[in-house]
Amino acid sequence: SVILMEIVKSNLDKAGNENMSDATEVNTQLNRAPTIGTPTVNRVANSTSELTITATATDEDSNDVLTYKLLRGTSANDANPTELALTPEKVEGRTVTFKDTGLSMDTYYWYKIKVSDGIDSSISGNYGSERTYCLGSSCDGGGYTHPDCPNCEDGQVNCTTCRRKRI
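A short tour of the structure in this document, coming up. (Residues numbered from 1 in each chain as written. Predicted model: local features only at pLDDT ≥ 70, side-chain atom pairs only at ≥ 80, totals over all residues. Heavy atoms only, no water.)

## What to know about the overall build of the protein
For step 1, the next point in the chain: In terms of helices and strands, the protein carries zero helices and 16 strands.
For step 2, the next point in the chain: Expressed as a percentage of the 167 residues in the protein, the buried residues total 30%.
For step 3, the next point in the chain: When contacts within the protein are restricted to residue pairs at least 6 apart in sequence, long-range pairs at least 24 apart make up 55% of them.
For step 4, the next point in the chain: On the protein, roughly 11000 Å² of surface is accessible, and the fraction owed to carbon and sulfur atoms is 45%. (Helix = DSSP H or I, 4+ residues; strand = E, 2+ residues; numbered from the N terminus. Buried < 20%, exposed > 50% of the residue type's maximum accessible area, 1.4 Å probe, protein only. Contact = heavy atoms within 4.5 Å. Areas by Shrake-Rupley, 256 points an atom, 1.4 Å probe, with all protein chains shown as cover.)

Rendered as structure tokens:
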């Protein structure tokens, strides 16, 4: 929003007469907070411990320099996500990309992004989420599968869908 103000300067001379300057109009624009869309979360190819998180911000104040923080929740309904001490991997225009590493295999993670213009900040309204990749393992009997991974334990897949090769 824009505020229109008139500034008038008043002086008293030695005789006590008040002298008024001409009114000067000043347009003052209030800062508008940036906004950020729902993050898109993707697996990193063949990695069981990394995800990339991307979102695009908008800001009506075209000269604002935006900064970004990645927030990780514990569920899609987490009201208090943890702010991670990660630097964006890439910022292109108003689009930011983070890479979160050191994650557990076959686990869902939920993310929001906080954007700030140095005065106001906003957090994406919805979480973006994804499950880390689950690496299948070779099974007795010669089959090799990438099971849906319902029972990953300690980085190992308990084979339940092995097939023997036919000769």
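Picking up where we left off.
## What to know about the pattern of salt bridges
For step 1, the next point in the chain: Under the counting rule described, the total for this entry stands at six salt bridges.
For step 2, the next point in the chain: Two residues, arginine 43 and glutamate 130, come together in a salt bridge whose shortest N-O distance is 3.7 Å. Placement of arginine 43 in strand E6 (residues 40-43) and of glutamate 130 in strand E14 (residues 128-131) is noted, with a sequence separation of 87 residues between them.
For step 3, the next point in the chain: For arginine 43, a relative accessible area of 38% corresponds to the partly exposed category.
For step 4, the next point in the chain: Each of the salt bridges in this network shares a partner with another, and the network as a whole consists of Arg32, Glu60 and Asp61. (Salt bridge = Lys/Arg side-chain N within 4 Å of Asp/Glu carboxyl O.)

## Observations regarding the side chain of threonine 52
For step 1, the next point in the chain: For threonine 52, the position within the fold is in strand E7 (residues 51-58).
For step 2, the next point in the chain: The buried category is assigned to threonine 52, whose relative accessible area is 17%.
For step 3, the next point in the chain: With residues near it in sequence (within four places) discarded, threonine 52 still touches Thr40, Val41, Asn42, Val44, Thr97, Phe98 and Lys99.

## Digging into the environment of proline 88
For step 1, the next point in the chain: Mapped onto the elements of the fold, proline 88 is located in the loop between strand E9 (82-83) and strand E10 (90-92).
For step 2, the next point in the chain: Judged by relative accessible area, proline 88 falls into the partly exposed class, the value being 25%.
For step 3, the next point in the chain: Taking the C-alpha atoms as reference points, proline 88 and leucine 70, 18 residues apart in sequence, are found 8.3 Å from one another.
For step 4, the next point in the chain: The contact partners of proline 88, leaving out residues within four places of it in the chain, are Val96, Thr97 and Phe98.

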